[in-house]
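If you want the building blocks of each chain, they are given just below.
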Amino acid sequence: MIIRFRSRMGMSRAEFQPTDTLQMLKDYVLFNVLKNQYTPENVSLCKDESDMGTPCSQVDEKTLQAAGVTHGNMIFLRLGSPRELPASTPVPPGKEGVAEVEISKDNALSATNSSNVASAHVAQDNIDDALELQDGLIPRSATPFCRHGPKGMCDYCSPLEPYDENYQRENKIKHMSFHSYLRKVNSNVNKYASTQSFIPPLEEPYFKVKEKCPSGHPPWPLGICSKCQPSTIMMNLQPFRIIDHVEFASPSIVDSFLNAWRRTGFQRIGYTYGHYEPYTAVPLGTKAVVEAIYEPPQVSEADGVTLEEWPEEALVDRVAAACGLRRVGIIYTDLTDDGSATGKVLCKRHADSYFLSSLEVYNSAHFQSKFPNPSKWSQSGFFGSKFVTSVISGNPNGEIEVTSYQVSNVATSLFKADLIQPSIDPDRMLVKREDKSRYVPDVLYRYIDEYKKQVSKNAKPAFPVSFLLVTLTDGFPEESKPMFAKHDTSLPITIETADETGRLRQLAKLFDHDAVKNGSLSNFPIILLLAQLSILKEDDMEVFAKYAMSPTEENEKNLNTRESYQTLLAVLYSSL
């Protein structure tokens, strides 16, 4: 009789007799199917994919007929850790330097249980840990169809799951939140409150040729097979988004960023720094709260901007961390005055042109791959990114407004695999040609034709960038409570451009007691200028930032005990 075997290494079949024992089948699996790469303890024989199976080390001497194995049966092999992991495995772009995860994506693709090990070592963001503790159920009130008392519940009034399709449709939610999507896919993979082993339900797309193919052929470009080549890429609109909303803590944050364009007419770009909070407008939503914008070295022009080398990138991130912030995204202007002298601007981005150009989508994919989102629910330890792209441009009414986007996980994976490049048409993204260094699989996308039917089309040589976009909402809070009292950049620029003596003298004036009470130090660029003096120790920077943002007597008393702060005051006051 023929028995088939399936594992993540592929499928195989072998011929057995009904009188053969399970021990003989086990030996065949370990030595012929798995090439002696796994110990008996790390291989389980399963009846189906959801079955945890029996480890090979516990297989008895039953015959196949007695065990119920018949001709044509499929046996699923659940694999654990291999005997040896490679000494060094290449890490996909964007994963470098991440210490929390102890397994690379390539290993995750070749060892299912290794991804479980990776998940156990992932340090998630606090917002993700907090949202996982919520049930996320959508409450419903009693309806006229209910026939129970006030403490009862029925199908008409029972809470809905956060991923309920009817709720999403009725409330016009185009993209469900990430944690709603996670609940949906996890319910199909892992049983609720199950004591059995955990299977990560999320997996990032991977469009490169897999290395060390088990078939044993030479690596690409000398050889390729169905086991190592990437599958056909089918692009659809992503049903979820990692970040649902971008909230600017105060309108003055955006207003001060626009001052440079108002003065010169040149475009500007900056990194947004903030933190993450729950977003209650959608079930299990997440919002990025922007508290500050930092403008890195750049060359500005009327029609664009070019980022230059940023030697102080690590310092800015450390100062932001001392303030309790992190880099959450990027923001830039695309503004052209309409010439009416009324303050209105041209509307360039709309449904008949584009919302993000192919070059902007490409850059967003670069940044999202550089800032991956750690997730214990993913096989690789990462899933998507929380990095957002905000554009300040004109709306159809000629008003200045902010719009925020992310690109899909497929877009980020296409970028990592070096399969796409921007085109001169802002609405079209090019698919690169195949060469010796790059295998390009089939790339398709689906759209609704003039007959209202869904059809697939080859994405080569170019396809619409809209298939890679994820739209976010953005705005300002009803009651503004920004972390920093001031966001004006004119004073920091004046101080930065002065000579050394003048710079110290102007900084010293900010430490006047009355000025501090009025928020003279509560300005991110000012805190950064003081950090650039390299006088305050890193341990004291967090204490100083806390005092700058909240100059209470307790914070002042705590700061005065720091030796490096007293040294800073002595240096500043000596310039007066």
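Keep in mind that this is a model prediction, so the values were computed, not measured.

So, how was this worked out
- Residues numbered from 1 in each chain as written.
- Predicted model: local features only at pLDDT ≥ 70, side-chain atom pairs only at ≥ 80, totals over all residues.
- Heavy atoms only, no water.
- Domains from an automatic or database assignment.
- Contact = heavy atoms within 4.5 Å.
- Buried area = accessible area lost by both parts, 1.4 Å probe.
- Salt bridge = Lys/Arg side-chain N within 4 Å of Asp/Glu carboxyl O.
- Polar contact = N/O pair within 3.5 Å; in protein donor to acceptor, adjacent residues only side chain to side chain.
- Helix = DSSP H or I, 4+ residues; strand = E, 2+ residues; numbered from the N terminus.
- Nonpolar A, V, L, I, M, F, W, Y, C, P; charged D, E, K, R; others polar.
- Buried < 20%, exposed > 50% of the residue type's maximum accessible area, 1.4 Å probe, protein only.
- Pairing = 2+ DSSP bridges.
- UniProt positions renumbered as here; feature names shortened; annotations may be inferred.

Some words on the domain arrangement of the protein
Then step 1. Structurally, the protein comprises domain 1 (2-78), domain 2 (88-205 + 240-347 + 359-412 + 466-476) and domain 3 (493-574).
Then step 2. The interface is formed by 10 residues belonging to domain 2 together with 10 residues belonging to domain 3.
Then step 3. Taking both partners together, domain 2 and domain 3 bury about 940 Å²; carbon and sulfur atoms supply 81% of that area.
Then step 4. The largest contributions to the domain 2 side of the interface with domain 3 come from V319, A322 and C323, which together make up 48% of the buried area.
Then step 5. At the boundary of domain 2 with domain 3, the tally comes to 1 salt bridge.
Then step 6. Linking E538 and R318 is a salt bridge whose minimum nitrogen-to-oxygen distance equals 3.6 Å.
Then step 7. Run the count over domain 2 and domain 3 and you get 1 residue pair in polar contact (both at pLDDT 80 or more).
Then step 8. Of all the elements in the fold, those that place two or more residues in the side of domain 2 that touches domain 3 are β11 (285-294) and α8 (313-322).
Then step 9. Looking at the side of domain 2 that touches domain 3 residue by residue, the classes come out as 8 nonpolar, no polar and 2 charged.

Let's talk about the pattern of salt bridges
Then step 1. All told, the structure shown has 23 salt bridges when counted by the stated rule.
Then step 2. When the shortest N-O distance is used, the salt bridge between E277 and K287 registers 3.8 Å. Residue E277 is found in strand β10 (residues 269-279), and its partner K287 is found in strand β11; the two are separated by 10 residues along the sequence.
Then step 3. What makes K287 buried here is its relative accessible area of 12%.
Then step 4. One salt bridge in this structure joins K370 and E313, with 3.4 Å as the shortest N-O distance. Note that K370 is positioned in helix α9 (residues 358-370) and E313 in helix α8, a separation of 57 residues in sequence.
Then step 5. Judged by relative accessible area, which is 23%, E313 ranks as partly exposed.
Then step 6. Taken together, the salt bridges that share partners define one network made up of D125, D128, R326 and K386.

Considering unusual backbone geometry
The phi torsion of most residues other than glycine is negative, and most of the peptide bonds are trans.
Then step 1. That bond from W220 to P221 is cis: its omega, 15°, falls within 30 degrees of zero.
Then step 2. Tracing the backbone shows P221 in the loop between α6 (178-189) and β7 (233-235).
Then step 3. With an omega of 5°, the peptide bond between K460 and P461 qualifies as cis.
Then step 4. Positionally, P461 belongs in the loop between β20 (454-458) and β21 (462-464).
Then step 5. Within the chain, K172 stands out as a residue other than glycine whose phi angle is a positive 55°.
Then step 6. Looking at the element boundaries, K172 is found in the loop between α5 (165-170) and β6 (176-177).

Thoughts on the pairing of strand β5 (residues 74-79)
Then step 1. Counting buried residues in β5 gives 5 out of 6 residues, a clear majority hidden from the surface.
Then step 2. Pairing geometry for strand β3 (residues 43-46) and β5, over 4 bridges, is antiparallel. From the neighbouring strand, C46 faces β5, where its bridge partner is F76.

Some words on the UniProt feature "domain: MPN" (unreviewed entry) in the protein
Then step 1. Mapped onto the present numbering, the UniProt feature "domain: MPN" (unreviewed entry) falls at residues 246-383.
Then step 2. Along residues 246-383, the helical share is 27% and the strand share 30%, with 20 Å between the first and last C-alpha atoms.

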